[in-house]
Amino acid sequence: MNNPKIQELGASAAAIQYHYDQSNDFYRLWLDSTNTYSAAIWQENDTLELAQLRKIDFQINGARAEGKKRVLDVGCGWGATLKRLVENYGVEKCVGLTLSEAQVEWIKSFNEPKIEVKLESWADHCPEESYDAIISIGAFEHFAKPNISPSQKLEIYRTFFQRAHQWLKPGGWMSLQTIVYENLTPAAGSKFIAEEIFPESDLPYLAEIVKATERIFEIVTLQNDRFDYVKTLKAWRARLKENRAEAVNLVGEEVVAKYEKYFGICMIGFHTGNMNLARITMRRIEPAHK
Ligand SMILES: C[S@@+](CC[C@H](N)C(=O)[O-])C[C@H]1O[C@@H](n2cnc3c(N)ncnc32)[C@H](O)[C@@H]1O
């Protein structure tokens, strides 16, 4: 292991698998056809599929990944962005990292030689060759455990950006999407979400991200799109409702009820501004002074 301390301060593989390895068939019942599991970018009259593709395109363009040789996706989920990169953006080689076994299996079934998926934490990633661009959508939320000290939390985030800096070629771009605390303290957050939905995972504050990138990345664009998450959660909830009987057959009533409750709590969180959805593009810079 590359840095056991850093990985131990974030959600463990077991905690990630508790959530994401529920059942691929269950997620397919309420995610869109690309199995994208993060906030979409909505325009009027969009379907969930269209809004998810718009988000993926936004992230790919934010990372300036089109036509590039090597692109890394940290927290690649079921591989929608990897697929889009090779099929629509002419990328020669994509590497995806995930801690979910079910997601690895899913992506391997694409049989796409340009896509390499690894069951590996970013904290253990040691690429043999550098990357032209990095994308990370909806994974940063898992990088820090709750109840660690503020300095430990900052150390993890700083380490993540230092690694990304090492992995990227000079002048390379990273596009990052993550939920952040807005008008909320960790102690006031939902215990149900922290314990039963996303164990071992705490959110960042925007200020922590900004601090952690200091002098190694230049933040170029930042937008907060919390209402995009409200809409996405509504769409997931509606799909789950439509397919409820099948979902109960697959995972049982208790799990389905938990997901319904989780969607509801998060919708309120984004609607009220307790949480926000940050989309950030940044460019690798070289520290000018010692
Ligand atoms: C909410 S999903 C988002 C998936 C995908 N990016 C999308 O938008 O559909 C979070 C992803 O982060 C991954 N993840 C969490 N912690 C990670 C870590 N330490 N290293 C690499 N991936 C991680 C999970 O395995 C999962 O694939």
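Note that the structure is predicted; figures quoted are calculated from it, not measured.

Break down helix H12 (residues 253-272) for me, citing the residues and quoting the values.
Residues spaced three or four apart along an α-helix face the same direction, because each turn holds 3.6 residues. Compared with an ideal rise of 1.5 Å per residue, which puts 20 residues at 28 Å, H12 spans 29 Å between its outermost C-alpha atoms and is within 8% of the ideal. If you check which residues of H12 are buried, you get Val255, Val256, Lys258, Tyr259, Tyr262, Phe263, Cys266, Met267, Gly269 and Phe270. At the C-terminal side of H12, Gly273 shows a positive phi close to 90°.

Any details on the packing of helix H4 (residues 48-62) against helix H5 (residues 80-88)? Residues and values, ideally.
As a packed pair, H4 and H5 sit with axes 10 Å apart at the nearest point and diverge in direction by 65°. By the criterion of interaxial angle, the relationship of H4 to H5 is roughly perpendicular. Seen along the crossing, H4 lies across H5 with a hand that is right-handed. In contact with Leu53, Ile56, Asp57 and Ile60 of H4, H5 contributes Ala80, Thr81, Arg84 and Leu85. Residues that form the contact of H4 with H5 fall into these classes: 5 nonpolar, 1 polar and 2 charged.

I'd like a description of the UniProt feature "active site" (unreviewed entry) in the protein chain, backed by residues and values.
The feature "active site" (unreviewed entry), as annotated in UniProt, sits at Cys266 in this numbering. Overall, the relative accessible area of 11% leaves Cys266 in the buried class. Leaving out residues up to four positions away in the same chain, Cys266 has contacts with Ile193, Leu233 and Met275.

Tell me about the packing of helix H10 (residues 226-242) against H12, and please be specific about residues and values.
At a closest axis distance of 8 Å, the pairing of H10 and H12 adopts a crossing angle of 160°. Classified by the angle their axes make, H10 and H12 are roughly antiparallel. As for the relative orientation of H10 and H12, their crossing is left-handed in sense. Here Arg226, Phe227, Tyr229, Val230, Leu233, Lys234, Trp236, Arg237 and Leu240 of H10 come into contact with H12, specifically with Val256, Tyr259, Glu260, Phe263, Cys266, Met267, Phe270, His271 and Thr272. Of the residues contributing to the contact of H10 with H12, the split by class is 12 nonpolar, 2 polar and 4 charged.

I'd like to hear about the site of the ligand, residue by residue, with values.
Around the ligand, a shell composed of 22 residues is seen, among which Tyr37, Ser38, Gly75, Gln103 and Ile137 lie nearest. Here a nitrogen atom of the ligand and a backbone polar atom of Gly75 are 2.7 Å apart. One of the backbone nitrogen or oxygen atoms of Gly77 is found 3.1 Å away from an oxygen atom of the ligand. Contact with the protein chains covers 96% of the free accessible surface of the ligand, which is 600 Å². Taken together, the elements giving at least two residues each to the shell around the ligand come down to helix H2 (13-20) and strand S2 (93-98). A class-by-class count of the residues in the shell around the ligand yields 10 nonpolar, 11 polar and 1 charged.

Which residues make up the pattern of salt bridges, and what values go with them?
Per the counting criterion, the structure on display carries 19 salt bridges. The salt bridge partner of Asp202 is Lys153, with a shortest N-O separation of 4.0 Å. In this pair, Asp202 sits in the loop between helix H8 (191-197) and helix H9 (206-213) while Lys153 sits in helix H7 (residues 150-167), placing the two residues 49 residues apart along the sequence. Each of the two residues, Asp202 as well as Lys153, counts as buried. Between Glu218 and Arg283 there is a salt bridge whose closest N-O contact spans 2.9 Å. With Glu218 in strand S6 (residues 217-224) and Arg283 in strand S7 (residues 275-284), this pair connects stretches of sequence that are 65 residues apart. On the basis of relative accessible area, Glu218 is assigned to the partly exposed category, the value being 34%. Classification of Arg283 as partly exposed rests on a relative accessible area of 29%.

Before we move on, can you summarise the sheet that holds strand S3 (residues 115-119) with the specific residues and values?
With mixed pairing, 7 strands are arranged side by side in an open sheet as S3-S2-S1-S4-S5-S7-S6. Each of the sheet's edge strands pairs with one partner strand only, and the pair in question is S3 and S6. Taken over all neighbouring pairs, the strand axes of this sheet differ in orientation by 15° on average, direction set aside. Here strand S5 (residues 168-181) runs beside S7; their pairing, made up of 9 bridges, is antiparallel. From the neighbouring strand, Met174 faces S7, where its bridge partner is Met282.

Residue-level account of a positive patch on the surface, with values.
A cluster of like positive charges, contributed by Lys231, Lys234, Arg237 and Lys241, occupies part of the molecular surface. Within the secondary structure, Lys241 sits in helix H10.

The rules we used
- Residues numbered from 1 in each chain as written.
- Predicted model: local features only at pLDDT ≥ 70, side-chain atom pairs only at ≥ 80, totals over all residues.
- Heavy atoms only, no water.
- Helix = DSSP H or I, 4+ residues; strand = E, 2+ residues; numbered from the N terminus.
- Expected span 1.5 Å × (residues − 1).
- Buried < 20%, exposed > 50% of the residue type's maximum accessible area, 1.4 Å probe, protein only.
- Axes fitted to C-alpha atoms, helices over the stretch in contact; angles between N-to-C directions.
- Parallel < 35°, antiparallel > 145°, perpendicular 65-115°, else oblique.
- Left-handed = near helix turned anticlockwise from the far one by under 90°.
- Contact = heavy atoms within 4.5 Å.
- Nonpolar A, V, L, I, M, F, W, Y, C, P; charged D, E, K, R; others polar.
- UniProt positions renumbered as here; feature names shortened; annotations may be inferred.
- Near = heavy atom within 4 Å.
- Polar contact = N/O pair within 3.5 Å; in protein donor to acceptor, adjacent residues only side chain to side chain.
- Areas by Shrake-Rupley, 256 points an atom, 1.4 Å probe, with all protein chains shown as cover.
- Salt bridge = Lys/Arg side-chain N within 4 Å of Asp/Glu carboxyl O.
- Pairing = 2+ DSSP bridges.
- Patch = residues over 30% accessible without salt bridge, like charges linked within 9 Å, V, L, I, M, F, W, Y side chains within 5 Å.
- Lys, Arg positive; Asp, Glu negative; His and termini not counted.
- Charge placed at Lys NZ, Arg CZ, Asp CG, Glu CD.

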